[in-house]
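Breakdown of the fold
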Amino acid sequence: PTQAVPVTPSATPRPCNQASFVADVTVPDGSVMPPGNNFTKVWRLKNVGTCSWTTNYALVFDSGEQMGGPLVQQLTTVVNPGETVDIAVDLTAPGAPGAYRGYWRLRDAGGNNFGLMNNNAFWVDIKVEPAAPTSTPLVLVPLPIPTFVIPVFPVSFSPVNSGAVTSDGGVIHYPNVGDDSSNAGLQAFITFDLSSIPAGSTISQVQVDFSNFDTVGDPFGSLGCLRMYSQNYGNTIDSGDYFGAPPIGALARWCSEGELGSAFNGSSALIAYLEGQAGGMAQFRLQFNDLESDFDNVADVVRFADNIQITITYTAP
């Protein structure tokens, strides 16, 4: 009888798009944080497919708890097959105690979502717990803590210290943020004069009140969340101050007109920044970094008035 010829199995070809999880750079699974805490999740992923991940690829929310993150966030660097990359996203812990998990994937330039081996998603997993009560210290002689209200400087919103820059290089005199009818992105710049607060002061509380504004179009519905970052742009605003790549480390974030219309207590990161600027100037950039523009040829803009303010409670050194 004729002997059967053994069949040599063929190697399974690697797919074009596939990621491999390497490590949680920040916020490992089960991390505990207080309600409403802003944090940045960073995953380290490896490109184990055969196609390069270009800046037309994106991180996309898949399912579970979104935690205030963007639906889509473009990659800022090219990742070739075999290379690793740290992918970061700004998130906010939910307000109610409990365990939360949000699932994320990647999306290629053609709009196709993909994930890890077997197309599994990667995730962020946290536990929200209220801060433990602390004992009340014995206070013998309480000293009054002065409150300093810092107006926007200059009040006229002249382009020397406040205004806006467009993604196509334009500079305007008013701190508008969003996109215009030409689909150019707008980033606002605002300076606060902290020279009346002595250098070395300790700031115990910051209240942000940017509620005096109006809108054109639908900036939050079209562009996502508005974020505030520190940026030392000097005495004048020019086209070079426009920040292109989506940054991380926002000092404040508003995801709706309702949130922007309500004063709120600043984050620990904002307090630390203002303490470092005491006795000088604090400068901020406001931008929508989920989307620079929705490319609908319609302006979607937040326009700030001249009496937005930050209230600082501090003790002098």
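Read on for a plain summary of the structure. Because the structure is a prediction, the values reported are computed rather than measured.

**Overview of the overall build of the protein chain**
Regarding its fold elements, the protein chain presents three helices and 22 strands. The buried share among the 317 residues of the protein chain stands at 42%. The long-range share in the protein chain, meaning contacts at least 24 apart out of those at least 6 apart in sequence, stands at 77%.

**Regarding helix α3 (residues 268-277)**
Where α3 is concerned, the buried positions are L270, I271, Y273 and L274. All buried residues of α3 fall inside an arc of 165° around its axis, so they share one side. Those residues of α3 that are exposed and aimed more than 90 degrees away from the buried face are S268 and G276. As for α3, its buried residues are in contact with β15 (202-209), β17 (226-230), β20 (281-288) and β22 (309-315). The positive-phi residue at the C-terminal boundary of α3 is G279, with phi of around 90°.

**Quick notes on the packing of aromatic side chains**
As enumerated under the stated definition, the model contains seven aromatic pairs in all. With 5.1 Å between their ring centres and 70° between their planes, W43 and F122 make a pair best called edge-to-face. Here F122 lies in strand β9 (residues 122-128) and W43 lies in strand β3 (residues 38-47), a separation of 79 residues in the sequence. Neither residue differs from the other here; W43 and F122 are each classed as buried. Judged by centre distance (6.0 Å) and plane angle (65°), the ring pair of Y103 and W123 falls under edge-to-face. Pair noted here: Y103 is in strand β7 (residues 98-107) and W123 is in strand β9, with a separation of 20 residues, a long-range link. Assessed through its relative accessible area of 30%, W123 is described here as partly exposed.

The rules behind each value
- Residues numbered from 1 in each chain as written.
- Predicted model: local features only at pLDDT ≥ 70, side-chain atom pairs only at ≥ 80, totals over all residues.
- Heavy atoms only, no water.
- Helix = DSSP H or I, 4+ residues; strand = E, 2+ residues; numbered from the N terminus.
- Buried < 20%, exposed > 50% of the residue type's maximum accessible area, 1.4 Å probe, protein only.
- Contact = heavy atoms within 4.5 Å.
- Arc of directions from axis to C-beta.
- Phe/Tyr/Trp six-rings, centres within 6.5 Å; stacked < 30°, edge-to-face > 60°.

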